[in-house]
Amino acid sequence: MKSTKVSIITPCLNSEKTIRQTIESVLNQTYENIEYIIVDGGSTDGTLAVIWEYAPLFQGRMKYVSEKDRGIYDAMNKGIRLSTGRLIGIINSDDWYEPDAVEHIMSEWNRSEKYQVIYGYCKVFENDRIKLIMKNRHEGLPRTMISHPTCFITRETYKDFGMFLLAFRILGDYELMIRLYNSRQVSFIQIKKILANYRMGGASDNPKLYAREYSLVHYLHGLQTFKGMLSDLLKLYIY
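Keep in mind that this is a model prediction, so the values were computed, not measured.

J.: Even after reading the chapter, I still don't get helix α7 (residues 207-220), so can you show me in this structure?
T.: At 3.6 residues per turn, the α-helix brings residues three or four places apart onto the same side. Taking 1.5 Å of rise per residue, the 14 residues of α7 would be expected to cover 20 Å, and the 20 Å separating its terminal C-alpha atoms lies within 8% of that figure. Of all the positions in α7, only L209, E213, S215, V217 and H218 are classed as buried. In the segment just after α7, G222 is the residue with positive phi, at about 70 degrees.

So this is what it looks like as structure tokens:
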């Protein structure tokens, strides 16, 4: 029986210093039937040269596009539209997978369920040192995010519940997960193994922007009142 195709998407912009590790982590997966899609936002450094270097090694399993976009979630949405796999994972250009990440995902995937999010543990690095291992569970989503670099989502889930909202700059992934969790129709499955590695220092580490978007996500999904959201936003600029 032919194995199920899995799509992996990497959004990037001027990622010459880190994307090589990301690409190699996809190339070296123990699971073979992987379609890799890189969505570049119009890099002006050596990012494209690195992509061209690795493209032949994927033997036709890599697609890439380079054009201006409306931010990281626009790039992710483009990648989802280009993908053809049954499950879709997204790994940013400064993060990387463990070699057996996809194999673990496929061992837990329930083929009989349309709507699934399968995820695991994630090592978090700060200045090339492990700061913590993120083990957040989906039951805690009303308070905090699970590890998005480890998430693989079925194609049907994106089709029927929608993709990333472009109104968000750094918490579009959190908004999506809250949306799926609140639907009560999507199964969340946690694998108790390290699947991916996250490098701190990107846009998502902006505390003020994070707090603003966190409050907005909670308001949109009924986890906070409008008055509470306004109070939180005022605190960001008064104190």
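J.: Explanation requested: helix α2 (residues 47-54) in the structure shown.
T.: Among the residues making up α2, those that are buried are T47, L48, V50, I51 and Y54. Here the buried residues of α2 occupy an arc of 160 degrees about the axis, which is enough to place them on one side. Buried residues in α2 make contact with β1 (6-12), α1 (19-27), β2 (34-40) and β3 (62-66).

J.: What should I look at first to understand the packing of α1 against α2 in this one?
T.: Each pair of packed helices gets described by two things: the angle between the helix axes and the distance between those axes. Between α1 and α2, the shortest axis-to-axis distance is 10 Å and the interhelical angle comes to 20 degrees. Comparing their axes, α2 and α1 come out roughly parallel. Two packed elements cross with a definite hand, and for α1 against α2 that hand is right-handed. Residues I19, R20, I23, E24 and L27 of α1 pack against T47, V50, I51, E53 and Y54 of α2. Residue composition of the contact of α1 with α2, by class: 6 nonpolar, 1 polar and 3 charged.

J.: Please explain the side chain of K123 as it appears in this structure.
T.: Relative to the helices and strands, K123 resides in strand β6 (residues 116-126). Assessed through its relative accessible area of 18%, K123 is described here as buried. Non-local contacts of K123, meaning those with residues more than four positions away in its chain, are made with E98, I130, L132, I133, I194, A196, N197 and Y198.

J.: Teacher, can you tell me more about the packing of aromatic side chains here?
T.: How two aromatic rings sit relative to each other is given by the distance of their centres and the angle of their planes. One pass over the full model with this rule turns up 10 aromatic pairs. Centroid distance Y158 to F164: 6.2 Å. Interplanar angle 50 degrees. Geometry classified as tilted. Ring centres of Y210 and Y214 lie 6.0 Å apart, and the angle between their planes is 15 degrees; on these two criteria the pair is classed as stacked. In this pair, Y210 and Y214 both sit in helix α7, 4 residues apart, roughly one turn of the helix. For Y210, a relative accessible area of 30% translates into the label partly exposed. For Y214, a relative accessible area of 23% translates into the label partly exposed. Put simply, the rings of Y73, Y158 and F164 pair up and form one aromatic cluster. The positively charged end of R184 is found above the aromatic ring belonging to Y181, 4.8 Å away from the centroid.

J.: Could you clarify how one ought to interpret the packing of helix α6 (residues 172-183) against α7 in this entry?
T.: The contact between α6 and α7 brings their axes to 10 Å, and the two run at 20 degrees. The angle between α6 and α7 places the two elements in the roughly parallel class. Once α6 is placed against α7, the crossing between them reads as right-handed. Of the residues in α7, those in contact with Y174, E175 and I178 of α6 are Y214, V217 and H218. Here the contact of α6 with α7 is composed, by residue class, of 4 nonpolar, 1 polar and 1 charged.

Quick notes on the rules
- Residues numbered from 1 in each chain as written.
- Predicted model: local features only at pLDDT ≥ 70, side-chain atom pairs only at ≥ 80, totals over all residues.
- Heavy atoms only, no water.
- Helix = DSSP H or I, 4+ residues; strand = E, 2+ residues; numbered from the N terminus.
- Expected span 1.5 Å × (residues − 1).
- Buried < 20%, exposed > 50% of the residue type's maximum accessible area, 1.4 Å probe, protein only.
- Arc of directions from axis to C-beta.
- Contact = heavy atoms within 4.5 Å.
- Axes fitted to C-alpha atoms, helices over the stretch in contact; angles between N-to-C directions.
- Parallel < 35°, antiparallel > 145°, perpendicular 65-115°, else oblique.
- Left-handed = near helix turned anticlockwise from the far one by under 90°.
- Nonpolar A, V, L, I, M, F, W, Y, C, P; charged D, E, K, R; others polar.
- Phe/Tyr/Trp six-rings, centres within 6.5 Å; stacked < 30°, edge-to-face > 60°.
- Lys NZ or Arg CZ within 6 Å of the ring centre and 35° of its normal.

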